[in-house]
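# Reading the structure
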Amino acid sequence: MPRPLISLPEAMSWTRRTTISFRLKSLPCSALIHTDALSKDLLIHIPKCNVYRFDDTKSTSPIFCGLEWTVREGESWAVVGAGSGEKTTLLEVLDGNYRLKPPPHGGIFPFLSSSSAKAVSLVSFAHRPRSSGGQFYDYTARYGSVWEEDRITLRQSMFPETLPEFARRDNVHSVEMTREDKELFDELVHKLDLERLLDLPLIALSNGQTRKARILKALLVRPELMLLDEPLTGVDAATRPLLLTILHSLHAARSPRIVLGLRKQDPIPEWITHVAAVMGGSVRTGEKEDILRKLSEKWNAQTGRGKSTSPKQTSIPREKRDVLVHMENVNVRYHERHVLKDITWKIHAGDRWHLQGPNGSGKTTLLSILIGDHPQSYTQRSPSHLTLFGKPRSKHATSFLATRVGIVSPEIYNAFPRRRAMTVREAVGTGFDGTYVPQGKRGVGLGLQGGLTEEEEKWRLERVEEVISALGPSGWGDSEKGEGFGQRNFADLSAGEQGLVLLMRALVGRPPLVILDEVWSGMDGSMIENAKRYLREGGVGQEQAVVVVTHWEEEVPWRREEGGESIRQFRLQEGSGIESA
Ligand SMILES: Nc1ncnc2c1ncn2[C@@H]1O[C@H](COP(=O)(O)OP(=O)(O)OP(=O)(O)O)[C@@H](O)[C@H]1O
């Protein structure tokens, strides 16, 4: 039986001195409020309300209507989202980033003991925030020799309290770690396999390694409630169950309690008992099975749209197709760290590859070699060998390679400028020449020699519209949002929408090589299904090669068992590469 939601009569007489600030975050949860009327096992309590942005002072556009949510001590909740970034928004509601009308009398967390600023912690893996400025930053710095200012280690940056000299040196935080904190740190750093990375430069950490370190850092603050948004994205298959077991045992010990944010396509851990499902501005809450049963029909109806067809692949035998990338015994070393060991790999036109490997195995490093970003792509000497599009790296101008490879990756996502004035159309248009700022009178670049013919410009303008309409909201079934999407400000889009625009940017010029590295981060099911279908059904042509990097087999658009030539796998394990067809 679903546990009934608490519903409090409107007219209930509250004997409260409600000094509730609109910014719930700054509100001490239990301050000045009599919560006697509520059952003491309530962890989150939101009586029916509408949710607005703080700047929506006239309450004209509610983000959620009739939100009503109660979480009791001992329950284990996941917030699962189907709409564009809505799951993250609901978690942000808990973090006090939105205005609730009417405001809940006892605060959202009536019985958390300390002030909510410390008691509740939101750890979100949405990438670069909008506020971080309009400039592109050079993510390739990581691949070179590390500069003095980048030498700061993981420990110095995130865990300075574990440095022996910390207590003496830092007047502000001159409290030493407690024994319990030290024990927690030692245990988790070991379980999360972060020990060996503590004294490496922070900049050298891989995406998955950084993600685990951020979770650990958030745990050390000892919040009472931790909201973890998409903790499994970018984490390798072996680490996922481990991470979930750790989170489960912390949650069971209420130290801290954890609410997980999951995309609707993510598996829901067994220990989750309740789900808040967010869909199109409304939130349904209740026991897991009950909610999932009710929603599966609706979700299936969405994802079932336009079933996949077999990949269209070229009939020219593979060995007769151009070799785009040829690596023979390629090595990458950082001093004593040997990251890539004798990698041999050939990518032909028309290939579909799934590049796999645990966190830290060298996938990003390998990609940076094959797109010519890595300084060591210039220095592979016989018997090593690296050719890109038929020539050694040093024989290519970087601007030429930028037109040959379309890439989406966490690095590009983070580095791409969020300039206020850049529209979706312009962001997509930067893909033709692989630049980061719009160029040319019509925002579709200048061409390699700086002389775009009229015909080429016309083709580019049409291509921009084509990819926007295929991959944008009209493609994933939100025709209302689709109108005027090209004119939207890129910086104002949700994380998933920004990711999708960067996918459009990678595909727009139809480059011979397309790299899709963790491309689905932050996206919702309908966006992903639509984009995967587009890729399978001609979004990348028979002559284009694609390398997909993901820890999730089901995120690869092409299936092994489907007709034509199957997807090939290249697996990195401790720096060595193994190929399988
Ligand atoms: N500049 C550097 N100095 C020292 N080690 C480095 C440097 N850059 C990367 N590394 C190390 O190289 C290894 C490979 O990193 P890489 O980012 O390629 O891994 P990955 O397979 O992409 O991981 P993830 O799945 O987490 O994204 C990591 O162990 C990382 O710590």
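In this convention, every chain numbers its residues from 1, walking through the sequence in written order. Totals for whole chains, interfaces and linings use every residue, but because this is a predicted model, local features are given only for residues with pLDDT of at least 70 and side-chain atom pairs only at 80 or more, for both listing and counting.

As annotated in an unreviewed UniProt entry, the protein chain carries the name P-loop containing nucleoside triphosphate hydrolase protein and comes from Heliocybe sulcata. Check the Sequence similarities (unreviewed entry) section of the UniProt entry for the protein chain; it says "Belongs to the ABC transporter superfamily." UniProt positions are given in the numbering used here, feature names are shortened, and annotations may be inferred rather than shown by experiment.

## Quick look at the overall build of the protein chain
When helices and strands are counted, the protein chain shows 17 helices and 19 strands. Counting only residues that meet the buried cut, the protein chain has 43% of its 581 residues in that class. Nonlocal contacts in the protein chain, meaning residues at least 24 apart in sequence, comprise 73% of its contacts between residues at least 6 apart. Where helices and strands are cited, they refer to DSSP runs of H or I of at least four residues and of E of at least two residues respectively, numbered from the N terminus. Buried residues are those with 20 or more other C-beta atoms within 10 Å of their own C-beta, exposed residues have 12 or fewer, and partly exposed residues lie in between; C-beta atoms are placed from the backbone. With C-beta atoms placed from the backbone, a contact is any residue pair whose C-beta atoms sit within 7 Å.

## Quick word on the nonpolar core
In these notes, a nonpolar core means any group of buried Ala, Val, Leu, Ile, Met, Phe, Trp, Tyr and Cys residues linked to one another through C-beta atoms within 7 Å. Grouped together as the largest cluster of nonpolar side chains are 71 residues, with contacts concentrated most on V428, V501, L503, M504 and I515. The element contributing the most residues to this core is helix α16 (residues 495-507), with seven residues. In this structure, L503 is in contact with V408, L471, V519 and A531, ignoring residues within four places of it in sequence. Grouped together as the second largest cluster of nonpolar side chains are 44 residues, L94, F109, L112 and I272 included.

## Regarding the sheet that holds strand β19 (residues 576-580)
The strand order across the open sheet formed by six strands is β15-β16-β17-β12-β18-β19, and the pairing between neighbours is mixed. Two strands close off the open sheet at either side, each with one partner strand: β15 (405-408) and β19. Each neighbouring strand pair of the sheet contributes to a mean axis angle of 15°, computed without reference to strand direction. Across four bridges, the pairing between β15 and strand β16 (residues 513-517) is parallel. When the sheet's bridge partners are listed, V408 is paired in β16 with L516. Lines fitted to C-alpha atoms define the axes here, with helix axes fitted over just the stretch in contact, and angles between the N-to-C directions of these axes take values from 0 to 180 degrees. Lying over the sheet, α16 contacts β15 and β16, oriented at roughly 170° with respect to β15. Note: two strands are recorded as paired if DSSP finds a minimum of 2 bridges between them.

## Remarks on the site of the ligand
A residue counts as near a molecule or strand when its C-beta atom, positioned from the backbone, falls within 6 Å of it. Close to the ligand lie 20 residues; A204, S206, G208, T364 and T365 are nearest. When residues of the shell around the ligand are traced back to their parent elements, those giving at least two are α6 (207-220), β11 (337-348) and α9 (363-370). Residues belonging to the shell around the ligand are distributed by class as follows: six nonpolar, eleven polar and three charged. When residues are sorted by character, Ala, Val, Leu, Ile, Met, Phe, Trp, Tyr, Cys and Pro go into the nonpolar class, Asp, Glu, Lys and Arg into the charged class, and all the rest, Gly among them, into the polar class.

## Remarks on the sheet that holds strand β7 (residues 257-263)
In space, the six strands of this open sheet follow the order β5-β6-β7-β3-β8-β9, with mixed pairing throughout. Of all strands in the sheet, those with a lone pairing partner are β5 (120-124) and β9 (282-287), marking the two edges. Adjacent strand axes in the sheet meet at a mean angle of 15°, parallel and antiparallel pairs treated alike. In the sheet, strand β6 (residues 225-229) pairs with β7 via five bridges, with the strands oriented parallel. Note that in β7 the partner of L228 across the bridge is L260.

## Remarks on unusual backbone geometry
Cis rather than trans, the peptide bond between K101 and P102 has omega equal to -5°. Residue S255 is joined to P256 through a cis peptide bond whose omega torsion reads -5°. Secondary-structure assignment places P256 in the loop between α7 (239-252) and β7. Its identity as a non-glycine residue notwithstanding, S59 has a phi of 55°, on the positive side. Structurally, S59 can be placed in the loop between β1 (42-52) and β2 (64-72). One non-glycine residue with positive phi stands out, namely R222, at about 55°. Relative to the helices and strands, R222 is located in the loop between α6 and β6. Using a count of 17 C-beta atoms within 10 Å as the deciding quantity, one classes R222 as partly exposed.

## With respect to the confidence of the model for the protein chain
Here pLDDT means the predictor's own confidence in every residue, given as a number from 0 to 100. When pLDDT is averaged along the protein chain, the result is 80; 80% of the residues meet or exceed 70. The low-confidence segment residues 1-35, where pLDDT is below 50, has 51 contacts with residues more than four positions distant or belonging to other chains. Across residues 303-312, where pLDDT falls below 50, the model places 17 contacts with residues more than four positions away in sequence or in other chains. Scored as a complex, the prediction yields pTM 0.75 and ipTM 0.97.

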